[in-house]
Amino acid sequence: MAPRGHHLKEVALLASASADLAAAGAGEREGWLDDPAVIPSLGPRARALAVASAARSVLVIAPVAGGGDGGVTVEPALGLEEGRISAVEWVPLTAEEHGEGEEGVAVVVGTDTGWLLFYSLAGDLLHKQSIYPAKILKLNFRERKENAWEDSGSDELSVVFPGVIARFDGADLQSILQKSFQDVNSRLWKDKFEEEDAADEGSFGRIPFQIWNVSKFGSCADAAIVGLMPPPLLELQSSQRHYCAITVGEDAVVSAYRLSEDRSRSLVGAILSRGVAATFSTISSLSKILWRSEASPPKKSRPKPQSFAKTSPLTCLKDSPRKGERLTLSPSGTLAAITDSLGRILLLDTHALVAVRLWKGYRDASCLFVEMLLNKDKASSSSMHIEYTKRDYCLCLAIHAPRKGIIEVWKMRTGSRILTIPCPKGSRILQPSARLSSSFSYAPLEVYLFNGDSGQLSVLNSHLG
């Protein structure tokens, strides 16, 4: 029998930010966080919480430190072309001048018509770009320090649409966003940001990206790029990169694809975005300052969608009437937890593309991977402060079962249930998009519980026993 007890440590009480969170629906009714139109996202190191409301077209950014004081409410001027907010994610910046302060992170918002909008913690619009004319289902920023097969060379932001997935390279994101932060801080482009939401996409330039069609086995409800994979046998000498993507959906519970990178498009896009886009942005900004009285040029039409790169289907699992719903990856990308419409959770080995475990009886569940400290001998051997390493932690899967009112923690891959925690209704489990480990200490993968009704943010205690 797994132990049941209190294993949650309070991180912050965001009650003082209730006035800001109210803009996203907080406090209107009990269980407001259960509304699928409310989208919470936890920032790196759990220092800030972003909550977006699709129905209200509002984004609230509440700092966690200090109990949530000094929140910012952003109301993007989204027209019919931009649609409504449908996804939220955090993108950390690694520039030395940002240090560990607020400027080292940006919030990216996706809309149901395929636009991305990047904001600073102060609410300044940093970048705006059209990706693909469809609803953005999910945004996922991933660090690539622990890739399953080999180092992919950079972090990435993936954008999931029904049957389509796009990938932004971390280096390209850093280049554009760091420059945007510098423009905001220098105050040289103040007039530009006063008209931020009305600004044309061309005034920001374009971040190069890759996009693939992954609808061979039907439209997907969720998807993820799990990492690099070997090329086909006839292309062993090719220098082209290939990624493995996993999708879940109605027609196929789970599908796998090989995504081939279009390097010519990446190279040209990088040159254009860093050179031409920067020049155009400078000229357009200066023209606004020098010729304020002139009528503004007509707004440009939405750019034509980028053509798809090559996609090769690998395998799929069809099991009607079961439908795949959500997909969660382990830090290395070697494991994926997939929830379905029949209350089952499938643990998939993404390297071998085989199922290694199945749980039943978890309807409406959500899953996140977590690292638990299981080396009790080391923890009890000394009363002095100990710097734990990755080897001291064990990868586990946290399953939030809202119908049961519990969170269960299971040891990977085939271990037993090691923890059962009761949790209140109206709660969601969250995880920072990046851990930002230093060279001196290891930051384990953590899971947080946010109680929307009380405003309490807690972290799952990684020390057992």
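Residues numbered from 1 in each chain as written. Predicted model: local features only at pLDDT ≥ 70, side-chain atom pairs only at ≥ 80, totals over all residues. Heavy atoms only, no water.

Before going further, it helps to spend a moment on the overall build of the protein. Scanning the protein from terminus to terminus reveals 5 helices and 28 strands. Counted over contacts in the protein with a minimum sequence separation of 6, partners at least 24 positions apart contribute 63%. (Helix = DSSP H or I, 4+ residues; strand = E, 2+ residues; numbered from the N terminus. Contact = heavy atoms within 4.5 Å.)

Let us look at the sheet that holds strand E4 (residues 58-63). Read across the sheet, 4 strands follow the order E2-E3-E4-E5 without closing on themselves; strand pairing throughout is antiparallel. Since the sheet does not close on itself, it has two edges, and those belong to strand E2 (38-42) and strand E5 (72-74), each with one partner. Ignoring strand direction, the axes of neighbouring strands in this sheet form an average angle of 15°. As paired elements, E4 and E5 share 3 bridges and run antiparallel to each other. Directly across from valine 60, in E5, lies its bridge partner threonine 73. (Pairing = 2+ DSSP bridges. Axes fitted to C-alpha atoms, helices over the stretch in contact; angles between N-to-C directions.)

Bringing the pattern of salt bridges into the picture now. Enumeration over the complete set of coordinates arrives at 12 salt bridges. With its nearest N and O atoms 2.9 Å apart, the salt bridge here joins arginine 417 to glutamate 408. Overall, glutamate 408 belongs to the buried group, its relative accessible area being 3%. Counted as one network, the salt bridges with shared partners bring together Asp319, Arg322, Asp340 and Arg344. (Salt bridge = Lys/Arg side-chain N within 4 Å of Asp/Glu carboxyl O. Buried < 20%, exposed > 50% of the residue type's maximum accessible area, 1.4 Å probe, protein only.)

Okay, the sheet that holds strand E28 (residues 456-460) next. Reading across from one edge, E1-E28-E27-E26 is the order of the 4 strands in this open sheet, with antiparallel pairing throughout. Every interior strand has two partners, whereas the edge strands, strand E1 (8-13) and strand E26 (427-430), have only one. Pairwise comparison of adjacent strand axes, ignoring direction, gives a mean angle of 25° for this sheet. Examined bridge by bridge, E26 and strand E27 (residues 448-451) share 4 bridges and lie antiparallel to one another. Within E27, the position partnered with arginine 428 by the bridge is phenylalanine 450.

Okay, unusual backbone geometry next. That bond from serine 320 to proline 321 is cis: its omega, 5°, falls within 30 degrees of zero. Relative to the helices and strands, proline 321 resides in the loop between strand E17 (311-317) and strand E18 (324-329). Note that the residue after methionine 412, namely arginine 413, is joined by a cis bond; omega there is -5°. Tracing the sequence through the fold places arginine 413 in the loop between strand E24 (406-411) and strand E25 (417-422). Unlike most non-glycine residues, serine 57 shows phi in positive territory, near 55°. Structurally, serine 57 can be placed in the loop between strand E3 (48-53) and E4.

Here helix H2 (residues 170-186) is 17 residues long and its end C-alpha atoms lie 24 Å apart, about the 24 Å a rise of 1.5 Å per residue gives. For H2, every residue scored as buried is listed here: Gly170, Asp172, Leu173, Gln174, Ile176, Leu177, Gln178, Ser180, Phe181, Asp183 and Val184. Residue aspartate 169 occupies the N-cap position of H2, its side-chain oxygen lying 3.0 Å from the main-chain nitrogen of alanine 171. (Expected span 1.5 Å × (residues − 1). Polar contact = N/O pair within 3.5 Å; in protein donor to acceptor, adjacent residues only side chain to side chain.)

Turning our attention to the packing of aromatic side chains. For the structure shown, the criterion picks out 8 aromatic pairs. Relative to phenylalanine 209, the ring of phenylalanine 168 lies with its centre 5.1 Å away and its plane at 35°, an arrangement referred to as tilted. Of this pair, phenylalanine 168 sits in strand E12 (residues 164-169) while phenylalanine 209 sits in the loop between helix H3 (190-194) and strand E13 (210-213), placing them 41 residues apart in sequence. Taking the relative accessible area as the measure of exposure, phenylalanine 168 reaches 1% and is therefore buried. Taken together through their ring pairs, the aromatic side chains of Tyr132, Phe161 and Phe308 make up a single cluster. The ring centre of tryptophan 115 lies 5.3 Å from the NZ or CZ of lysine 128, which sits over that ring. Taking the ring centre of tyrosine 362 as reference, the NZ or CZ of lysine 404 above it sits at 4.1 Å. (Phe/Tyr/Trp six-rings, centres within 6.5 Å; stacked < 30°, edge-to-face > 60°. Lys NZ or Arg CZ within 6 Å of the ring centre and 35° of its normal.)

Right, let's get into the environment of histidine 351. Checked against the element boundaries, histidine 351 lands in the loop between strand E20 (345-349) and strand E21 (354-359). Expressed as a C-alpha distance, the spacing of histidine 351 and glycine 227, which sit 124 residues apart in the sequence, is 9.4 Å.

Our focus in this paragraph is the nonpolar core. Within the largest apolar cluster, 28 residues are counted, with the highest numbers of intra-cluster contacts made by Leu116, Phe118, Val159 and Phe168. When contributions to this core are tallied by element, the ones reaching two or more residues are strand E6 (85-92), strand E7 (105-111), strand E8 (115-119), strand E10 (138-142), strand E11 (156-161), E12 and H2. A per-element tally of this core places H2 first, with 5 residues. Beyond its immediate sequence surroundings of up to four residues, valine 159 is in contact with Leu116, Ile136, Lys138, Leu139, Val164, Ile165, Ala166 and Phe168. Counting 21 residues, the second-largest nonpolar core is a separate cluster that includes Ala52, Val105, Val109 and Leu125. (Core = buried A, V, L, I, M, F, W, Y, C linked by side-chain atoms within 4.5 Å.)

Let us now look at the confidence of the model for the protein. Summary statistics for the protein give a mean pLDDT of 82 and a share of 76% for residues scoring 70 or more. Taking the mean pLDDT of every element in the protein, the minimum, 48, falls on helix H4 (residues 263-290) and the maximum, 98, on E13. For residues 266-280, every residue scores under 50 in pLDDT, and the model assigns this stretch 20 contacts once sequence neighbours within four places are set aside. Scored below 50 in pLDDT, residues 282-294 makes 8 contacts in the model with residues more than four places away or belonging to other chains. (pLDDT = per-residue confidence, 0-100.)

Let us look at the pairing of E28. In terms of burial, E28 is a largely internal element, 4 of the 5 residues being buried. One ladder, built from 5 bridges, connects E1 with E28; its direction is antiparallel. Residue pairing in the sheet places lysine 9 in a bridge with valine 459 of E28. Relative to E28, E27 is paired through 4 bridges, and the arrangement is antiparallel.

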